[in-house]
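Here are the chains, one letter per residue:
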Amino acid sequence: MGTITEPRRFAKHGADCLHPLLETMSRDQLAQVQLDRLRKVLRNAWDHVPWQRERIEAAGLHPESVAGLDELRRLPFMVKDDLRAHYPFGLFARPKSRLARVHASSGTTGKPTVVGYTEGDLGRWADLMARSLYGAGARRGDLVHNAYGYGLFTGGLGAHQGAERLGCPVVPMSGGGTERQVALIVDFGARVLCATPSYALAIAEAAEAQGIDLRCSELAVGMFGAEPWSAALREQIEARIGLKAYDVYGLSEIMGPGVACECECRNGLHGWEDHFLFEVIDPDTGAPLPDGQAGELVITTLTKEALPMLRYRTRDITRIARGRCDCGRTHLRLLRVTGRNDDMLIIRGVNVYPSQIEAVLVGRPGLAPHYQLVVEREGALDRLRIEVEAEPGVDAASFDALARDVAHHVKSMIGLTADVLVRPSCGLPRSQGKAVRVRDLRPKGA
Ligand SMILES: [Zn+2]
């Protein structure tokens, strides 16, 4: 991996950024960079991906004649199935021999979605992940304990190369072996922890079970992503591990982790607009939504060589804020991703995201932050069952009262009637990567 110049303060704005000139450029400059790069990425797709060229032509666009960013709206969206339909390399703009790496989704149903990177793509990814880590407070020389899964999943290597680019020694742990993770965090003196939020919690729990107080460790920064999580879960993790937890966002189809990340202000995730064009649309009609309104996030890659993605529907629900952040960065903010469109449950006509229920459960006295939602159909009616663990040491005689309390709060805060089952401590499976929060047992297609 390459080296970076030492970060310096950007005197004009006082912003402490890894790439001050890029992260604090004016909105006008950003728009100009985006337009230049949009033409280039359209040219790349036009020249090298026949399917893309057809789409661009059919939309009445031509790479060099695009006069404004809004013109891109004429192009239809891309979806995950487009990648599957061209499995494995049909949408790549570079031949296999010119790629530096391939990742893929595990794909529980059907073919996996395959993504690829040139050497240049990997370098830009490392830069953006390094920029994200720096924004969250990681500094050159900090030991990074990386508990994201390595392998086809982009999390592990994505965080790894970003940390290396920043000049941090990395411990490439991957997920699993949770007790050993605790020992190495303490013995090696890790300052930064990268993991999914649910796995960070599993690490906290394993430490507590061994009588180890991670709050006394050197951990100071947590980079948590790959699954939506609530503010309540953030508080839990911070209180139990004794670090400041930051949300990092990314997806393999676009790049991997580091597409967007919180800064120290934590009022949204800065989406790196010099490399991506962000839109929010109405998920039902596809119409663009104004800033501030919640909808589905759509991303166009502006600098990807191997796999240019034009107007990709992420299925993630968010809102965009373009106002200036106190940190001095000018890039827009994605107000925390509340959930995946795919995760949204419709139960008896009520739309609910698992993270909304999580917000009710986590931090409630007597309950541990481990839960699972089970949706079943009885006759014509959907039933939601919330299974949640009691904290260690809570008397089983109080489980019923705890369950009634949760049901009451879910009803009053979300408007849903749910059966609540409080389970003894450690009665639910622990994730070692992305947590499985929902078991939807309703018949498919009904
Ligand atoms: Zn900021």
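Description of the structure in this document.

Procedures and definitions
- The numbers attached to residues start from 1 for each chain and follow its sequence in the written order.
- Two thresholds apply to this predicted model, a pLDDT of at least 70 for residue-level local features and 80 or more for giving and counting side-chain atom pairs, whereas whole-chain, interface and lining totals are computed over all residues.
- Hydrogens and water molecules were not included; the side-chain quantities draw on all heavy atoms of the structure.
- Each metal site is built from N, O and S donor atoms within 2.8 Å (3.2 Å for Na, K and Ca), and since water is not included, such sites may look incomplete.
- Between 85 and 135 degrees for all angles marks four donors as tetrahedral; over 155 degrees for opposite donors together with 65 to 115 for all other angles marks four donors as square planar and six as octahedral; every other arrangement is irregular.
- A run of H or I in DSSP counts as a helix once it spans at least four residues, and a run of E counts as a strand once it spans at least two, with each numbered from the N terminus.
- In this scheme, a residue with accessible area under 20% of its type's maximum is buried, one over 50% is exposed, and one in between is partly exposed, where area comes from a 1.4 Å probe on protein chains only.
- In what follows, a contact means two residues having at least one pair of non-hydrogen atoms within 4.5 Å.
- A fitted line through C-alpha atoms represents every axis, and for helices the fit uses only the stretch in contact; the resulting angles, taken between N-to-C directions, go from 0 to 180 degrees.
- Throughout, the term roughly parallel applies to angles under 35 degrees, roughly antiparallel to angles over 145, roughly perpendicular to angles from 65 to 115, and oblique to all others.
- Throughout, a crossing is termed right-handed when the near helix is turned clockwise from the far one, and left-handed when it is turned anticlockwise from it by less than a right angle.
- All residues other than Ala, Val, Leu, Ile, Met, Phe, Trp, Tyr, Cys, Pro, Asp, Glu, Lys and Arg, Gly among them, are scored as polar; the first ten of these are nonpolar and the last four charged.
- Think of it this way: DSSP has to see at least two bridges between two strands before they count as a pair.
- Think of a salt bridge as a Lys or Arg side-chain nitrogen and an Asp or Glu carboxyl oxygen that are within 4 Å of each other.
- A pair of Phe, Tyr and Trp rings is counted when the ring centres sit within 6.5 Å of each other, with Trp represented by its six-membered ring. The angle between the planes then sorts it: under 30 degrees is stacked, over 60 is edge-to-face, the rest tilted.
- Two thresholds decide whether a charge sits over a ring: the Lys NZ or Arg CZ must be within 6 Å of the ring centre and within 35 degrees of the ring normal.
- Take the number of residues in a helix, subtract one, and multiply by 1.5 Å to get its expected span.

## Comments concerning the coordination of the zinc ion
Here comes step 1: Around the zinc ion, the protein contributes the donor atoms Cys263 (SG), His270 (NE2), Cys325 (SG) and Cys327 (SG), which lie 2.1 to 2.3 Å from the metal centre.
Here comes step 2: Considering all 4 donor atoms around the zinc ion, angles at the metal cover 104 to 113° and the coordination shape is tetrahedral.
Here comes step 3: Each donor residue of the zinc ion lies on one chain, and together they are spaced C-x6-H-x54-C-x1-C. A residue pair is termed long-range when its members are at least 10 positions apart, and Cys263 in the loop between β8 (256–262) and β9 (269–271) and Cys325 in the loop between β12 (312–321) and β13 (333–340) qualify at 62 residues.
Here comes step 4: Since its relative accessible area comes to 1%, Cys263 is described here as buried.
Here comes step 5: Look at Cys325 and you get buried, because its relative accessible area is 3%.

## What to know about the environment of Val171
Here comes step 1: Locating Val171 in the fold gives a position in strand β4 (residues 170–172).
Here comes step 2: Judged by its relative accessible area of 11%, Val171 is buried.
Here comes step 3: C-alpha of Val171 to C-alpha of His160: the two residues are 11 residues apart in sequence and 8.5 Å apart in space.
Here comes step 4: Once residues within four sequence positions are removed from consideration, Val171 is found in contact with Leu143, Val144, His145, Asn146 and Phe188.

## Some thoughts on the packing of helix α10 (residues 354–361) against helix α11 (residues 399–414)
Here comes step 1: Look at α10 against α11: their axes get within 10 Å of each other, and the N-to-C directions meet at 130°. Compared by their axis directions, α10 and α11 come out oblique. When you trace α10 past α11, the crossing you get is right-handed. Residues Gln356, Ile357, Val360 and Leu361 of α10 touch α11, and the partners they reach there are Val406, His409, Val410, Met413 and Ile414.
Here comes step 2: Residue composition of the contact of α10 with α11, grouped by class: 7 nonpolar, 2 polar and no charged.

## Examining the sheet that holds strand β17 (residues 381–390)
Here comes step 1: An order of β18-β17-β16-β19 is seen for the 4 strands of this open sheet, with the pairing classed as mixed. The outermost strands of the open sheet, each flanked by one partner alone, are β18 (419–423) and β19 (438–440). The average undirected angle you get between the axes of adjacent strands in this sheet is 15°.
Here comes step 2: Packed onto the sheet, α11 meets β16 (367–378), β17 and β18 and runs at close to 140° relative to β18.

## Quick look at the pattern of salt bridges
Here comes step 1: Going through the model one piece at a time under the given rule, you end up with 34 salt bridges.
Here comes step 2: In this structure, Asp121 and Arg124 form a salt bridge, with 3.0 Å as the shortest nitrogen-oxygen distance. Within this pair, Asp121 and its partner Arg124 are both found in helix α5 (residues 119–135), separated by 3 residues, close to a single helical turn.
Here comes step 3: For Asp121, a relative accessible area of 3% corresponds to the buried category.
Here comes step 4: You can call Arg124 partly exposed: its relative accessible area is 21%.
Here comes step 5: Glu358 serves as the salt-bridge partner of Arg437, at 3.8 Å between the closest nitrogen and oxygen. With Arg437 in the loop between β18 and β19 and Glu358 in helix α10, this residue pair connects regions lying 79 residues apart in the sequence.
Here comes step 6: Looking at Arg437, the relative accessible area reads 16%, which means it is buried.
Here comes step 7: Taking the relative accessible area as the measure of exposure, Glu358 reaches 1% and is therefore buried.

## What about the packing of aromatic side chains?
Here comes step 1: Taken as a whole, this structure holds 4 aromatic pairs when the rule is applied.
Here comes step 2: For the ring pair Tyr117 and Trp125, a centre distance of 4.8 Å and an interplane angle of 15° mean the geometry is stacked. Summarising the burial analysis for this pair, Tyr117 and Trp125 share the class buried.
Here comes step 3: Measuring from centroid to centroid gives 5.9 Å for Phe224 and Trp229, while their planes differ by 80°, and the two rings are edge-to-face. Note on accessibility: Phe224 and Trp229 belong to one class, buried.
Here comes step 4: For Arg139, the ring lying beneath its charged end belongs to Tyr134, and the centroid distance is 3.5 Å.

## Here we look at helix α6 (residues 154–166)
Here comes step 1: Between the first and last C-alpha of α6 there are 18 Å, a value that for 13 residues agrees with the 18 Å anticipated at 1.5 Å per step.
Here comes step 2: Extensive coverage of α6 is indicated by the burial of 11 of its 13 residues.
Here comes step 3: Buried within α6 are the following residues: Thr154, Gly155, Gly156, Gly158, Ala159, His160, Gln161, Gly162, Ala163, Arg165 and Leu166.

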